Amino acid sequence: ESKISAPVNPLSLLWTLSDIGFFFFSGSIGVEASFSVVSKGCFLGAVPGSARHHIEPAAGGAMASTFDLIANSDLQERFLHGKDVISAGWLQSGDWKTARAMAVNHKLVVIDAEHGAIDLNDCALCIEVLAGNGCLALVRVPLDGDGRSAYARRVLDAGAIGILFPNVQTAAQAQQLVANCYYPSATGVSGVRGFGYGGCNQDGARFAEYAQIANTKVVIGVQLENTIAFEHDTLESILQTPGLVFTQDGPYDHSGSHLVPGQTTHPKVVEELTRYRQACAKAKVAAGKHVVVPTKEAIESAVKDGYRFIALGTDFRYIHDASGRALGILHEALAETKGEGAL
């Protein structure tokens, strides 16, 4: 048990219960409180000031910071030049504990801030917890009033490695949104992203390093989920957007734009998705699919169709499916015992 012998005035300590644990603040001599979700994905509690920057990585080899995870990532390179399938989990709840659990099996998770009830603080916390457990975060941003720009910049500053912009319907939209995520540069892709401190650069401690590499690390995608976006000239123009790394379909909104919501195998939807995959292959832009109901057949179909980015289910879906399977097993077991022990 560690003890701090320096005098502590109890009135100088503010113990605040939050969603993630306890925050400690102290102004007393000899004691400096510290809180870290970013670095280790867990609560570290009060730490002497001299030891704060010398804490060893948590068991399991978690990365030292969100910056380190981004700096060591080859995700953009894999999307642009690889041939492998890149998978991701899908977090819709915005709950940091669920994010931590998803990081056990996933190295990339999409945080759905469009349809999930997730504010910026929730999103930033999930990014930090995921990173602390060796998992990168993409954020699907909401359709907010500023044309999706401010939210995207802020979650990139928080440490997201990429952005998925929903319901992009024109090349002009794609160009504006993608440029929003790249720093101004004399070489390569140049954009209008503002420079600032955040989790991406350890609140400025790694500012210059992050600014130098960010444009070669961020993974920016657009979601095509309206029949307008699948028109021949429009689709090809969107795929030529500078800095566009990947795309993804939107099965429910896409079918809804044909007035057959949820009918993702409707002939019109299937025809447009076939043309979409062919256009992506020609433009050398990764085609993505969200397999919302991740059955064996649906996943195998996505692989067979040549999708390079496959997002699997949602956290809510996992809960539904797992609890349903467990209850099914219980009911079968009770049936075999002729109902003995059933409530």
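In what follows, the accompanying structure is described.

Each value, and the rule that gives it
- Residues numbered from 1 in each chain as written.
- Predicted model: local features only at pLDDT ≥ 70, side-chain atom pairs only at ≥ 80, totals over all residues.
- Heavy atoms only, no water.
- Helix = DSSP H or I, 4+ residues; strand = E, 2+ residues; numbered from the N terminus.
- Buried < 20%, exposed > 50% of the residue type's maximum accessible area, 1.4 Å probe, protein only.
- Contact = heavy atoms within 4.5 Å.
- Areas by Shrake-Rupley, 256 points an atom, 1.4 Å probe, with all protein chains shown as cover.
- Polar contact = N/O pair within 3.5 Å; in protein donor to acceptor, adjacent residues only side chain to side chain.
- Salt bridge = Lys/Arg side-chain N within 4 Å of Asp/Glu carboxyl O.
- Pairing = 2+ DSSP bridges.
- Axes fitted to C-alpha atoms, helices over the stretch in contact; angles between N-to-C directions.
- Right-handed = clockwise from strand over helix to strand, strands pointing away.
- Core = buried A, V, L, I, M, F, W, Y, C linked by side-chain atoms within 4.5 Å.
- Phe/Tyr/Trp six-rings, centres within 6.5 Å; stacked < 30°, edge-to-face > 60°.

Quick look at the overall build of the protein now. Within the protein, the regular secondary structure consists of 12 helices and 10 strands. Among the 343 residues that make up the protein, the fraction classed as buried is 45%. Considering only intrachain contacts with a sequence separation of at least 6, the fraction spanning at least 24 residues in the protein is 62%. When the accessible surface of the protein is summed, it comes to about 17400 Å², and 56% of that surface belongs to carbon and sulfur atoms.

We now examine the side chain of Asn-180. Locating Asn-180 in the fold gives a position in the loop between helix 6 (171-179) and helix 7 (207-213). With a relative accessible area of 3%, Asn-180 lands in the buried category. Within the local environment of Asn-180, its side chain forms a polar contact with the side chain of Arg-153, the two groups lying 2.7 Å apart. Residues in contact with Asn-180, not counting those within four places in the same chain, are Ser-149, Ala-152, Arg-153, Val-192 and Arg-193.

All right, on to the pattern of salt bridges then. For the structure shown, the criterion picks out 11 salt bridges. A salt bridge links Asp-68 to Arg-206; its shortest N-O distance comes to 3.6 Å. With Asp-68 in helix 1 (residues 66-71) and Arg-206 in the loop between helix 6 and helix 7, this residue pair connects regions lying 138 residues apart in the sequence. In this structure, Asp-112 and Arg-140 form a salt bridge, with 2.8 Å as the shortest nitrogen-oxygen distance. Remark: Arg-140 occurs in strand 5 (residues 136-140) and Asp-112 occurs in strand 4 (residues 108-112); sequence separation between them is 28 residues. Taken individually, Asp-112 and Arg-140 each receive the classification buried, so the pair is uniform in this respect. Residues participating in the shared-partner salt-bridge network are Asp-68, Arg-206 and Glu-209.

With that settled, consider helix 5 (residues 149-158). Burial of helix 5 is extensive: 7 of the 10 residues sit out of reach of the surface. When helix 5 is considered as a whole, its buried residues turn out to be Ser-149, Tyr-151, Ala-152, Val-155, Leu-156, Asp-157 and Ala-158. Against the buried residues of helix 5 lie helix 4 (120-132), strand 5, strand 6 (162-165), helix 6 and helix 7.

Judged by pairing direction, the sheet is parallel, and its 8 strands sit side by side in the order 8-7-6-5-4-3-10-9 without closing on themselves. Of all the strands in the sheet, the pair left with one neighbour each is strand 8 (246-249) and strand 9 (288-291). When strand polarity is set aside, the average angle formed by the axes of neighbouring strands in this sheet is 25°. Seen against the sheet, helix 4 touches strand 3 (86-91), strand 4 and strand 5 and runs at an angle of roughly 170° to strand 4. Helix-sheet contacts for helix 5 involve strand 5 and strand 6, and the interaxial angle to strand 6 is about 160°.

With that out of the way, let us pick up the pairing of strand 4. Within strand 4, 5 of the 5 residues are buried, which leaves the element mostly enclosed by the surrounding structure. Sheet analysis places strand 3 next to strand 4, joined by 3 bridges and oriented parallel. Within strand 4, the position partnered with Leu-91 by the bridge is Ile-111. With helix 3 (residues 96-102) bridging strand 3 and the parallel strand 4, this β-α-β connection has right-handed handedness. Bridge count for strand 4 against strand 5 is 5 bridges, and the pairing is parallel. Across the sheet, Asp-112 pairs through a bridge with Arg-140, a residue of strand 5. Handedness of the crossover joining strand 4 and strand 5 through helix 4 is recorded here as right-handed.

One finds Ile-111, Val-139, Ile-163, Phe-165 and Phe-309 to be the most contacted residues of the largest nonpolar core, which totals 81 residues. Of all the elements, helix 4 adds the most residues to this core, at 7 residues.

By the definition in use, this model includes 8 aromatic pairs. Note on Phe-79 and Phe-246: the rings are 5.1 Å apart at their centroids and 20° apart in plane angle, and the pair reads as stacked. Taken as a pair, Phe-79 in helix 2 (residues 75-81) and Phe-246 in strand 8 lie far apart in primary sequence, 167 residues in all. The pair Phe-79 / Phe-246 is uniform in exposure class, with both members buried. With a centroid separation of 6.2 Å and an interplanar angle of 90°, the aromatic rings of Tyr-183 and Tyr-210 are classed as edge-to-face.

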